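Structural features, examined
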Amino acid sequence: MEAGLRKMMEKMMNAEPINTTEDRPVLHVALRAHERAKIIVKNKNVVTLVREVLEKLKFFVTRVREAEWHGYSGKPIRDIVNLGIGGSDLGPKMVCEALKPFSRILNVHFVSNVDGSDIYETLKSLNPETTLFVVASKTFTTQETMANARVAKEWVLNRAGFDEAIANHFVAVSTNVEAAVKFGINPENVFEFWNWVGGRYSLWSAIGISIMLAVGMDVFEELLAGAKEMDEHFFSSPIEKNAPVILGLIGIWYNNFWKAQSYAVLPYDEHLRYFPNFLQQLDMESNGKSVTRKGDKVEYETAPIVWGQVGTNGQHAFYQLLHQGTKMVPVDFLVAAESFSPYKDMHDILVANCFAQSEALMRGKSKKQVESELEQMGLKSKKIKKLAQHKVFEGNKPSTTIIYPKLTPRRLGSLIAMYEHKAFVQGVVWDINSFDQWGVELGKVLTQSILNEFKGGKTHQHDASTMALIRYYLKHRAK
Ligand SMILES: O=P(O)(O)OC[C@H]1O[C@H](O)[C@H](O)[C@@H](O)[C@@H]1O
């Protein structure tokens, strides 16, 4: 293809630094590659490194799940709290929810926000003696995660009364082992991954530890196997039969040729309730760029705004706009032929709703149809004239329905990998670097300087509006 997709795929697999602004290869595929596969980075086969960490994780996860790992007072662990944000939260949280039918033994919680209410409300119902914290951070410098980790550490220490208790209650996942150890975590309990794994592509690495703890290693391996199947399909299928390529091109068609500003992901699958949130980071952080790989300003649209929520809930909230609003919103529907719930009749209702929506979007309802319906209802012609136009559905609104037999761990792995590769395909066609995220940096820097001012530090030059906000806050914050 003209955009050089095959060439970029080869570059990815050859571990070339396709994340050029950070000079890093992009190798999330290595995390689920066959154990005998070879992907060489700096003279090392990274697949071997991946397997070594997986073995270490297996040992740890099994000990916790089989109650051989004890809290400081000798009690087994009951609750896991994942402290992480962005890629260190969204993927694991989405998968844990999706694999709830396979989840046993431990309760897994996620705390991400630097709003103290998040951790406060989570800890309320937990017992420090039986709670294990996973500090998940690629960089181990992320403000939100570090703030939550400090609170959690104090919470455990306050109850335990001795520093060594930390070793029983904290593990870390990071590429920055040094920082994790400095935080006080036993080096044996730091699980490594590497800077060739992007945060939003990292659920397959040790960042997936909360998934492993929730469902066990066998189920996690199934998830990896599903992703590997999709990788094989993506790298070997012809373009016209290649699911991620087709999805990517459909997206480009609506985004660039029909000028759709957003794109909705609507899973008719309660287990995928966090899938839209996960895809927001995957697509918008990967492809929300406005310069080409070479650094020139792009002259076309890149990533759309991704949004959505589960059906049928969304039907009663925003579908009005999908059907009759002025914006064209292409949709992905996701639906399982078989549910995990025992309520078969309800599943029929759910699926009927899903199919009905795509049909309604496509076919719409003409004014003529509306008028004849109103006539049959016995309405007077004056009333029909008044009402008809409001009941018209334009139709011809695009959607893609992805239907699968049942959301097994393997299928979930394939589904996620399919969307990962879709983002890659779109990034290649748009000629942008899908693997950096410089756009999140400015806010982080400004936060630091404002925070210093809150602490009485030097005042910086801000715009008038920011100055007024700072003054208001300092006057009204809790003393
Ligand atoms: O895993 P961490 O290093 O803590 O990073 C967490 C997240 O924060 C950053 O600001 C990035 O925008 C994300 O890509 C990343 O996933």
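Shown above is the structure to which this text applies.
Residues numbered from 1 in each chain as written. Predicted model: local features only at pLDDT ≥ 70, side-chain atom pairs only at ≥ 80, totals over all residues. Heavy atoms only, no water.

Description of the site of the ligand
Close to the ligand lie Ile-85, Gly-86, Gly-87, Ser-88, Ser-137, Lys-138, Thr-139, Thr-142, Gln-281, Glu-285, Val-440 and Lys-444, which account for all nearby residues. Within the side chain of Ser-88, an N or O atom sits 2.6 Å from an oxygen atom of the ligand. One of the side-chain N or O atoms of Lys-444 is found 2.9 Å from an oxygen atom in the ligand. Against a free-state accessible area of 390 Å², the protein chains account for coverage of 88% of the ligand. Cavity membership is defined here by more than half of the atoms lying within 2 Å of grid points; on that basis the ligand lies in the largest pocket. Looking at the shell around the ligand residue by residue, the class counts come to 2 nonpolar, 7 polar and 3 charged. (Near = heavy atom within 4 Å. Polar contact = N/O pair within 3.5 Å; in protein donor to acceptor, adjacent residues only side chain to side chain. Areas by Shrake-Rupley, 256 points an atom, 1.4 Å probe, with all protein chains shown as cover. 1 Å grid on protein atoms, 1.4 Å probe; cavity = no way out; pocket = protein on both sides within 12 Å on 5 of 7 lines; lining within 4 Å. Sits in = over half its atoms within 2 Å of the grid points. Nonpolar A, V, L, I, M, F, W, Y, C, P; charged D, E, K, R; others polar.)

Re the sheet that holds strand 8 (residues 262-268)
An order of 9-8-10-11 is seen for the 4 strands of this open sheet, with the pairing classed as parallel. Each end of this open sheet is capped by a strand with a single partner; those strands are strand 9 (305-307) and strand 11 (399-404). Neighbour-to-neighbour, the strand axes of this sheet turn through a mean angle of 15°, independent of strand direction. Bridge analysis of strand 8 against strand 10 (residues 331-336) gives 5 bridges, and the strand direction is parallel. Its bridge partner being in strand 10, Ala-264 is matched across the sheet by Val-331. (Pairing = 2+ DSSP bridges. Helix = DSSP H or I, 4+ residues; strand = E, 2+ residues; numbered from the N terminus. Axes fitted to C-alpha atoms, helices over the stretch in contact; angles between N-to-C directions.)

Remarks on helix 10 (residues 243-257)
With 15 residues, helix 10 should cover 21 Å at 1.5 Å per step; its first-to-last C-alpha distance of 20 Å lies within 8% of that length. Burial in helix 10 covers these residues: Pro-244, Val-245, Leu-247, Gly-248, Ile-252, Tyr-254, Asn-255 and Asn-256. Check the buried side of helix 10 and you find it contacts helix 1 (5-13), helix 9 (217-236), strand 10, strand 11 and helix 16 (409-429). Where helix 10 ends, the next residue or the one after it, Lys-259, has phi of about 60°, a positive value. (Expected span 1.5 Å × (residues − 1). Buried < 20%, exposed > 50% of the residue type's maximum accessible area, 1.4 Å probe, protein only. Contact = heavy atoms within 4.5 Å.)

Looking at the sheet that holds strand 5 (residues 131-136)
Backbone-to-backbone hydrogen bonds pair the strands of a sheet. The strands run either parallel or antiparallel. In spatial order, the strands read 4-3-5-6-7; together these 5 strands make up an open sheet with parallel pairing. Strands with a single pairing partner mark the edges of an open sheet, and in this sheet they are strand 4 (107-111) and strand 7 (190-192). Direction aside, the axes of adjacent strands within the sheet are offset by 20° on average. Across the sheet, helix 2 (residues 46-65) touches strand 3 (79-83), strand 5, strand 6 (170-174) and strand 7, and the angle it forms with strand 7 is around 145°. Packing of helix 4 (residues 116-124) onto the sheet brings it into contact with strand 3, strand 4 and strand 5, and relative to strand 4 it is tilted by some 160°.

Section: the layout of surface pockets
If you add up the space inside the largest pocket, you get close to 890 Å³. Around the largest pocket, the lining is made up of 38 residues, and of these Thr-139, Thr-142, Gln-437, Val-440 and Lys-444 lie nearest the centre. Counting only elements with at least two residues in the lining of the largest pocket, the list comes to helix 5 (143-160), helix 11 (275-287) and helix 17 (441-454). Examining the composition of the lining of the largest pocket, we find that 5 residues originate from one element, helix 17, more than from any other. In this model, the second largest pocket occupies a volume close to 410 Å³. Along the wall of the second largest pocket there are 18 residues; nearest its centre are Glu-270, Ser-339, Ser-341, His-347 and Leu-350. For the lining of the second largest pocket, the leading source of residues is helix 13 (residues 344-363), giving 5 residues. Counted by class, the lining of the second largest pocket contains 8 nonpolar, 7 polar and 3 charged residues. (Points joined across faces, edges and corners; volume = space filled by probe spheres on them.)

Quick word on unusual backbone geometry
Along the chain, Gly-311 connects to Thr-312 via a cis peptide bond; the corresponding omega equals 10°. Tracing the backbone through its elements, the reader meets Thr-312 in the loop between strand 9 and helix 12 (319-324). Here the phi dihedral of Lys-259 falls at roughly 60°; this positive angle occurs in a residue that is not glycine. Checked against the element boundaries, Lys-259 lands in the loop between helix 10 and strand 8. The exposed category is assigned to Lys-259, whose relative accessible area is 57%. Of note in the backbone geometry, Asp-431 takes a positive phi value of approximately 60° without being a glycine. Structurally, Asp-431 can be placed in the loop between helix 16 and helix 17.

Considering the side chain of Lys-289
Within the secondary structure, Lys-289 sits in the loop between helix 11 and strand 9. Only 3.3 Å separates the side chain of Lys-289 from the backbone oxygen of Glu-285, close enough to count as a polar contact. Ignoring anything within four residues of it in the chain, the contact list for Lys-289 reads Arg-200, Val-298, Thr-302, Ile-432, Asn-433, Ser-434, Phe-435 and Asp-436.

A closer look at the pattern of salt bridges
Going through the model one piece at a time under the given rule, you end up with 21 salt bridges. Between Glu-338 and Lys-406 there is a salt bridge; the shortest N-O distance is 3.4 Å. Taken as a pair, Glu-338 in the loop between strand 10 and helix 13 and Lys-406 in the loop between strand 11 and helix 16 lie far apart in primary sequence, 68 residues in all. The class of Glu-338 is partly exposed, set by a relative accessible area of 41%. One salt bridge connects Glu-373 with Lys-365, and the closest N-O pair in it is separated by 2.8 Å. (Salt bridge = Lys/Arg side-chain N within 4 Å of Asp/Glu carboxyl O.)

Quick look at empty space enclosed by the protein
Vacant regions in the atomic arrangement are exposed by a probe of water-molecule size rolled over the atoms. Applying the stated rule across the entire model yields 3 cavities of 30 Å³ or more. Along the walls of the largest cavity sit 19 residues, with Ile-250, Gly-251, Tyr-263, Pro-330 and Lys-422 positioned nearest its centre. Looking at the lining of the largest cavity, the elements with two or more residues in it are helix 10, strand 8, strand 10, strand 11 and helix 16. In terms of residues, the lining of the largest cavity owes the most to one element, helix 10, which gives 5 residues.

Don't take any of this as a statement about function, it's just geometry.
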